[in-house]
Amino acid sequence: MDAQNHGIVEAALAARTVEQTLEVQSKIKLALGEEFYRPLGEIWSNHGLMTSSGSSYDLKLMELVTNMQDAVLERFALTTFGSAEDVPYKSPHEAAAELLSEMNPADVAEMARVVFEESNPPATKSRRLTAVFRDRGCGLTPDAIPRTIFRLGGSHKEDALYMQGAFGLGGAMTYRNAGSVVLVTRRDPRLLPPGAEDLISVAVVEWQDMTKGSTAVYLVDQPWDNPGDEADPWSCPASDYPEFEPGTHLALVSYGVEGFHRQTERDDRIFYAVANTRLFDPVMPFVWTNRTGRGRNNTIRGLQSRLESTDVDLVRESDVVPLNIEGTTYHLPVSLILFKAGP
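The shown structure was predicted, so the numbers you read here are calculated from the model rather than taken from an experiment.

J.: What is the right way to read the pattern of salt bridges from this model?
T.: Within the structure shown, the criterion is met by ten salt bridges. As a salt-bridge pair, R291 and E117 come within 3.0 Å of each other at their nearest N and O atoms. Of this pair, R291 sits in the loop between strand 9 (286-290) and strand 10 (297-300) while E117 sits in strand 2 (residues 112-117), placing them 174 residues apart in sequence. A relative accessible area of 47% means that R291 is categorised as partly exposed. Taken together, the shared-partner salt bridges connect R16, E117 and R291 into one network.

J.: Just checking my understanding: could you explain the packing of aromatic side chains for this structure?
T.: Note on aromatic pairs: each is described by the distance of the centres and the angle between the planes. Under the criterion given, the structure shown has eight aromatic pairs. When the centroid spacing of 5.7 Å and the interplanar angle of 75 degrees are considered together, the rings of F81 and Y89 count as edge-to-face. Of the residues examined, F81 reaches a relative accessible area of 29% and is grouped as partly exposed. Taking 6.2 Å as the distance between ring centres and 90 degrees as the angle between the ring planes, the aromatic pair formed by F150 and Y175 counts as edge-to-face. Of this pair, F150 sits in the loop between strand 3 (128-135) and strand 4 (178-186) while Y175 is found in the loop between strand 3 and strand 4, placing the two residues 25 residues apart along the sequence. For the pair formed by F150 and Y175, the shared burial category is buried. Here the aromatic cluster, defined as three or more aromatic residues joined through ring pairs, consists of F116, F271, F286 and W288.

J.: Is there a simple way to think about the layout of surface pockets in this case?
T.: Sizing a probe to match a water molecule and rolling it over the atoms shows the empty space that remains. Taken as a whole, the second largest pocket holds about 300 Å³ of empty space. Around the second largest pocket sit 15 residues that line it, and P105, V108, V283, M284 and P285 are the ones nearest its centre. Taken together, the elements giving at least two residues each to the lining of the second largest pocket come down to helix 4 (92-99) and helix 5 (105-109). Of the residues that constitute the lining of the second largest pocket, the class distribution is eleven nonpolar, three polar and one charged.

J.: Could you clarify how one ought to interpret unusual backbone geometry in this entry?
T.: The phi angle of most residues is negative, glycine excepted, and most peptide bonds adopt the trans form. Not every positive phi belongs to a glycine, and S254 is a case in point at roughly 55 degrees. The residue S254 is located in strand 8 (residues 247-256) in this model.

J.: Got a minute to help me understand the environment of A131 in this structure?
T.: By the secondary structure assignment, A131 is in strand 3. Judged by its relative accessible area of 0%, A131 is buried. Distance in space between the C-alpha atoms of A131 and V181 is 9.9 Å, their sequence separation being 50 residues.

J.: Where do I start with the packing of helix 1 (residues 3-14) against helix 2 (residues 18-32) in this structure?
T.: Two quantities define a packed helix pair, namely the angle between the axes and the distance from one axis to the other. Remark: helix 1 packs on helix 2, axes separated minimally by 9 Å, with the N-to-C direction vectors making an angle of 160 degrees. Of the possible angle classes, the one that applies to helix 1 and helix 2 is roughly antiparallel. The way helix 1 lies across helix 2 gives a crossing that is left-handed. Contacts between helix 1 and helix 2 involve Q4, G7, I8, A11, A12 and A14 on the former and, on the latter, Q20, V24, K27, I28, L30 and A31.

How each quantity is defined
Residues numbered from 1 in each chain as written. Predicted model: local features only at pLDDT ≥ 70, side-chain atom pairs only at ≥ 80, totals over all residues. Heavy atoms only, no water. Salt bridge = Lys/Arg side-chain N within 4 Å of Asp/Glu carboxyl O. Helix = DSSP H or I, 4+ residues; strand = E, 2+ residues; numbered from the N terminus. Buried < 20%, exposed > 50% of the residue type's maximum accessible area, 1.4 Å probe, protein only. Phe/Tyr/Trp six-rings, centres within 6.5 Å; stacked < 30°, edge-to-face > 60°. 1 Å grid on protein atoms, 1.4 Å probe; cavity = no way out; pocket = protein on both sides within 12 Å on 5 of 7 lines; lining within 4 Å. Points joined across faces, edges and corners; volume = space filled by probe spheres on them. Nonpolar A, V, L, I, M, F, W, Y, C, P; charged D, E, K, R; others polar. Axes fitted to C-alpha atoms, helices over the stretch in contact; angles between N-to-C directions. Parallel < 35°, antiparallel > 145°, perpendicular 65-115°, else oblique. Left-handed = near helix turned anticlockwise from the far one by under 90°. Contact = heavy atoms within 4.5 Å.

Below is the structure:
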């Protein structure tokens, strides 16, 4: 086991403040022996490309939840069928229902975890936190990182009907709202081509000021000048940190929030309430732990699951909504649940 490599992975997994992520960056710089940067999306002036288009940065975190779920489904689909072309499922729910059917629901939820932690001094902690996303999914090889999780636009999921993501923008939109981003990832060894080495990759995304704005960059192992150049993030043999299981750890460090810092569980602006509503019927449950508060583990299954298990007598109806596209009218089915008015 290489002590330097072990230290880099350990420090990356523990980083919760911008200062700590920059310490990790310094360790990577020392290990590489050179200082070569590659911009996110292959574009130096990339700050404007990561705009949230007016939507809430709180809500953007849901994209990272569905990314974790996709990674889990991809791992099970590829280990089951061998190649993406042979995966038969036409929807994420169909894939989850078959691929995860024999697992205990609690074990399924443990494969996708979200943890909120403190990231700032007490004077500002109410508006910033570090959001950590850890999945036991397919993981990434070093060369896949620039063209997947660090790419802006385009997606390898476009033709994969069994995964939720498509456009390759949602997750990256969150980076702009973070002080820095830490990625630790390891490809499932069963998905590696023959002879490929089992590696753990670590990358720290930091913001660098330029003449006309700022740019999100990360260190790579050789010079990068133009799109198409080969330059990968730092990596080490998985045997140097064997306790890191295949999958991905993504930490949005010092992330600005609007309502997710609130502690009252009855507050409809907290992550638990928003996630259950926005992910009304998630393809798989996941676990959320709020360490800025009581640190209790919460399994999120979606509002539909809660409504189906309630003893309250709810009025349920269904209808259709007409939608006209290029002269053809389609009837979209809509389910309605009516609640009694409050006092």
